[in-house]
Amino acid sequence: MEKIKLLIVDDEVNFLLSIAKRLEIRDFAVVTAANGEQAVSAAENNKFDIALLDLKMPGMDGKQVLEILKKEHKYIEVVILTGHGSLESAVECTRLGAFGYLPKPYEFDKLMETLKDAYSARMLKKFKKDEERVSELMKIAAGSSPTGILREMKKFDDEEK
Amino acid sequence: MEEKLYKNDILRDKQFRELRRGLLLRLSCTYLLPFVILIIFFLIEFNSLNHESQILRMKAMAENQSNLLDLFLKERIVNLRNLIDDPSLQIPPSNRDMDQYLNKLQLDSDAFIDVGFFDSDGVQIAYAGPVELLKKKDYSKEPWYVSLLKNDKRHIFTDIYLGFRNNPHLTIAVKRREGDHFMVMKSSLDPKKIYEFMTSAEEAGDMFISIVNKDGHFQLVPSDEGNVLDSSPFIPDAGSKLDISKAVYDDNSITYAYAWLDEVKWAVIARKRVSDEGFRGMKSGLIYLSAAILLILFAVIYSRSIKIANMEIEKKITRSQLEHASKLASVGELAGGIAHEINNPLAIVASEVGLIKDIMNPEFGLDSGFDSIEPHLANIHDAAFRCRDITRKLLSFVRQDDIELKQHNINDIINDLVEGFFERTLSVSNISMKLDLKDDLPDLTTDKNQLRQVLINIINNAVDAITPPGEIIIATSYHDDVITISIADSGNGISEEDIDKIFMPFFTTKEVGKGTGLGLSVSYGIIKNFGGNIEVESIYNKGTIFKIKLPVINFQ
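The rules behind each value
Chains are numbered independently. Their residues run from 1 in the order of the written sequence. All chains are assigned letters beginning with A, and all ligands numbers beginning with 1, in the order in which they are written. Note on the predicted model: pLDDT of at least 70 is required for a residue's local features to be given, and 80 or more for side-chain atom pairs to be given and counted; whole-chain, interface and lining totals, by contrast, use all residues. Strands are runs of DSSP state E lasting at least 2 residues, helices are runs of H or I lasting at least 4, and numbering of each runs from the N terminus. Exposure classes come from backbone-placed C-beta atoms, where a residue is buried if 20 or more other C-beta atoms lie within 10 Å of its own, exposed if 12 or fewer do, and partly exposed in between. Each residue is represented by a C-beta atom placed from its backbone, and any two residues with such atoms within 7 Å are regarded as in contact. Axis definition: a line fitted to C-alpha atoms, limited for helices to the stretch in contact. Angles are taken between N-to-C directions and run from 0 to 180 degrees. Take the far helix as your reference; a near helix turned counterclockwise from it by less than a right angle gives a left-handed crossing, and one turned clockwise gives a right-handed crossing. Gly falls in the polar group here, along with every residue not listed as nonpolar (Ala, Val, Leu, Ile, Met, Phe, Trp, Tyr, Cys, Pro) or charged (Asp, Glu, Lys, Arg). The nonpolar core criterion groups buried Ala, Val, Leu, Ile, Met, Phe, Trp, Tyr and Cys residues into a set whenever they are joined through C-beta atoms within 7 Å. One less than the number of residues in a helix, times 1.5 Å, gives the span that helix is expected to have. Pairing between two strands is assigned when DSSP locates at least 2 bridges connecting them.

### Regarding the overall build of chain B
Looking only at helices and strands, chain B features ten helices and 17 strands. For chain B, with 556 residues in total, the buried portion stands at 30%. Partitioning the intrachain contacts of chain B with sequence separation of at least 6 by distance along the chain shows that 63% fall at a separation of at least 24.

### Observations regarding the packing of helix H7 (residues 410-428) of chain B against helix H8 (residues 448-465) of chain B
Residue and element names in this part refer to chain B. Viewed as axis vectors pointing N to C, H7 and H8 meet at an angle of 35 degrees, and their least axial separation amounts to 10 Å. As for how H7 packs across H8, the hand of that crossing is right-handed. Contact residues: H7 offers Ile413, Ile414, Leu417, Phe421, Phe422 and Leu426, while H8 offers Lys448, Leu451, Arg452, Leu455, Ile456, Ile459 and Val463. Among the residues forming the contact of H7 with H8, the class breakdown is eleven nonpolar, no polar and two charged.

### A few points about the interface of chain A and chain B
A common measure of how large an interface is: the accessible area buried when the components associate. Each partner contributes residues to the interface: chain A has 18 residues there, and chain B has 20 residues. Here the residues of the side of chain A that touches chain B sort into eight nonpolar, four polar and six charged.

### Describing the nonpolar core
Ranked by internal contacts, the top residues of the largest apolar core, which has 61 residues, are Ala62, Met185, Tyr258, Ala267, Val268, Ile269 and Ala270 of chain B. Apart from the residues lying within four places of it in its own chain, the contact partners of Ala270 of chain B are Met58, Met61, Ala62, Gln65, Met207, Ile209, Tyr256 and Ala257 of chain B. In this structure, Ile8, Ala51, Val79 and Phe99 of chain A belong to the second largest nonpolar core, which totals 44 residues.

### Notes on H8 of chain B
Over its 18 residues, H8 of chain B runs 26 Å from end to end, which matches the ideal 26 Å to within 8%, given 1.5 Å per residue. In terms of burial, H8 of chain B is largely enclosed, as 15 of its 18 residues are buried.

### Here's the deal with the packing of H8 of chain B against helix H10 (residues 519-529) of chain B
When two helices pack together, you describe them by how their axes are tilted relative to each other and by the distance separating the axes. All names here are of chain B. One can describe the packing of H8 onto H10 by two numbers: an axis separation of 9 Å at closest approach and a directional angle of 145 degrees. In this structure, H8 meets H10 at a crossing whose hand is left-handed. Side by side, H8 and H10 meet where Gln450, Gln453, Val454, Asn457, Ile458, Asn460 and Asn461 of the first sit next to Gly519, Leu520, Ser523, Ile526 and Ile527 of the second. In terms of residue class, the contact of H8 with H10 is built from five nonpolar, seven polar and no charged.

### Quick word on the sheet that holds strand E16 (residues 533-539) of chain B
Residue and element names in this part refer to chain B. If you trace the five strands from one edge of the open sheet to the other, you get E12-E14-E15-E17-E16, paired in mixed fashion. The open sheet has two free edges, formed respectively by strand E12 (431-437) and E16, since each of these has just one partner strand. Across the sheet, the axes of successive neighbouring strands diverge by a mean angle of 15 degrees, strand direction being ignored. As paired strands, E16 and strand E17 (residues 543-551) are joined by seven bridges and run antiparallel to one another. Paired with Ser538 across the bridge in E17 is Thr544. Against the sheet, H7 makes contact with E12, strand E14 (470-479) and strand E15 (482-489), and its axis sits at roughly 170 degrees relative to E12, the strand it touches most.

### Notes on the pairing of strand E1 (residues 112-118) of chain B
Residue and element names in this part refer to chain B. Counted residue by residue, E1 has seven buried out of seven residues, so it is predominantly covered. Bridge count for E1 against strand E2 (residues 124-128) is four bridges, and the pairing is antiparallel. Of the residues in E2, the one forming a bridge with Gly116 is Tyr127. Between E1 and the antiparallel strand that follows it, E2, lie five residues; Gly122 among them carries a positive phi value of about 85 degrees.

### Here's the deal with the environment of His408 of chain B
Residue and element names in this part refer to chain B. Note that His408 resides in strand E11 (residues 405-408). A residue is classified by how many C-beta atoms lie within 10 Å of it, and His408, with 15 of them, is partly exposed. Measuring from C-alpha to C-alpha, the distance between His408 and Thr446 comes to 6.8 Å, with 38 residues separating the pair along the chain. Apart from the residues lying within four places of it in its own chain, the contact partners of His408 are Ile413, Asp443, Leu444, Thr446 and Lys448.

### Observations regarding unusual backbone geometry
Omega for the bond connecting Lys104 of chain A with Pro105 of chain A falls within 30 degrees of zero, at -15 degrees, which places this linkage in the cis form. The step from Pro468 of chain B to Pro469 of chain B runs through a cis peptide bond, and the omega angle for that step is 0 degrees. Along the chain, Pro469 of chain B turns up in the loop between H8 and E14.

### Topic: the environment of Leu261 of chain B
Residue and element names in this part refer to chain B. Assignment of secondary structure puts Leu261 in the loop between strand E9 (252-260) and strand E10 (266-272). Since 21 C-beta atoms lie within 10 Å of it, Leu261 is described here as buried. Here Leu261 is in contact with Ser66, Leu69, Asp70 and Trp266, once residues within four sequence places are set aside.

### Comments concerning the sheet that holds strand E3 (residues 50-53) of chain A
All names here are of chain A. Here we have five strands laid out as an open sheet, ordered E2-E1-E3-E4-E5, and parallel in their pairing. Edge strands, defined here as strands with exactly one partner in the open sheet, are strand E2 (28-33) and strand E5 (100-103). Across this sheet, the average inter-strand angle for adjacent strands is 20 degrees, counted without regard to direction. Bridge analysis of strand E4 (residues 77-82) against E5 gives four bridges, and the strand direction is parallel. Looking across to E5, one finds that Val79 is bridged to Gly100. Against the sheet, helix H1 (residues 13-24) touches strand E1 (4-9) and E2, its axis set at about 165 degrees to E2. With respect to the sheet, helix H2 (residues 36-45) is in contact with E1 and E2, its orientation differing from that of E1 by roughly 160 degrees.

What follows is the structure, encoded as structure tokens:
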């Protein structure tokens, strides 16, 4: 089974390393970033399924990173993990497209559950998209040339990246 | 808690008494002292004025009376001379003539007691008067007769004497040359009548008038003052005609005026009655009145000072309560930023504990040796102490410490504060904090906690004013015995209409529930208490600079 690709962003290095380690041994493919800028550039180079994101960070803060990730990457799900939790920021992050919002310190089981749900959501979304794509392809296939089909499939593959 | 209350009560009582004492002293100095000085000044002035006017009055009285008496005696001489010079005088006059003469004399003055006529041998050959015995009596050896004959003047007065009749009287006599011998006409005068004449002529009022001879024996004297011929305490100086002198009378030194007569070596003595009742009464009345006013004033001042002292204490208590409330409020504002900071180390602890569990879990087949666990334990340890630091700082700030004046370096306080409260909060909020602290600051005697509170209030406001990213610059400098702490932010600034109100209690621009409006007003009070000042400059939408100016005064 393919590993879940996870980006963890937090300015607390000790926290970052320990949570990364715990998730790695649970078969996540983890990339860490200590600030917002690192996170954005890491996301450019990798295709992540989920990002685990701290809100309060020096430099680019969590909300900005959330906005960029959601804009640049269609299928990524973002889970917020913050020590400065408040209802207002939870509502705002949800509005910006965050899948989950967990306060620090977190319960590990809850985190795992959320990550799995996020992955399921991501997969479902991708699946739906694929389905739409396939039915679209079928439509095109019904009335056009093989080269047209190949061109469409190539476009689809490019979009996947 | 109860013990603390008790301690507070004692403290309060002590403060109250000190305050009251100070107030009493100040109020007394302001209100009572001038009044007392005025009274004393008035009494002294009154005394000396009174004294002067009395002396003037006594002198006038003595002079008047002596003139009067001179005049009176001259008249009596004239009366007698009219008789002896009368060309129709028969020599020797018969006793019937003498009776007529006496009647005539007594018509002029009832002081005449008798009248006698002496032949050239000094024998009284004719007489009219109450003492029949004196007829044919030889006066040629009497001192007055001898000196009359020797004298250039045509008349003579005697001092008061008892004489043959053993009754005080004075003799006046005139002589008339007849060839180589003299005829003499003599009359006795009743001193009582003379005295009545004198004192009734002028309002003696509160004066004693008496007359003494050159030896100081009373000649004419009111009966309550002394007896005729007794020696008096008054021995006026014969050198000056009219003057003031002092005498000891009833163990008191009294001042009297005297005036010498022209006709006879007598002096009129005028002096105040001993009791001085009018004056004394007025004086003591004045003193009683002043004392009463002083008492009332003192009572008013006393009650006022109690009231003011109470009010001051209440104000102090209210102020300290207000300060504490605002301190709690600033902590509340801080807590949003700082208390959350506890979550981060707690998250590390939870995460590391989970990781260690994983390492120990054989399911994962990881190396569970000490070396692989130790760094994680160290991380937990560090995180725990981070939490402790945060809570400790918060607690140390909230605690209501007594004011403790100590020497502090302002830079140390600022460094401490920034590290403790603001550094991380600001860095994660994208607000950069720059410090520009001059090394040459002298130590300042101040209360660390209060100063920290002021700084926290202003920095909190700066943080709230900034929409990130932004920066806060804290700088210190020292000029002319004044340390300036400036806190500049790149925030929204304060609008012109608000800038006058920012130090007013309960003025706030923050949302309801976010700000109390106490921070700056209390900060202002604290800095004013230190003898300093807070200045503020702001450009709307550019930023604000608060300048705290503290004079370097060493209290100890």
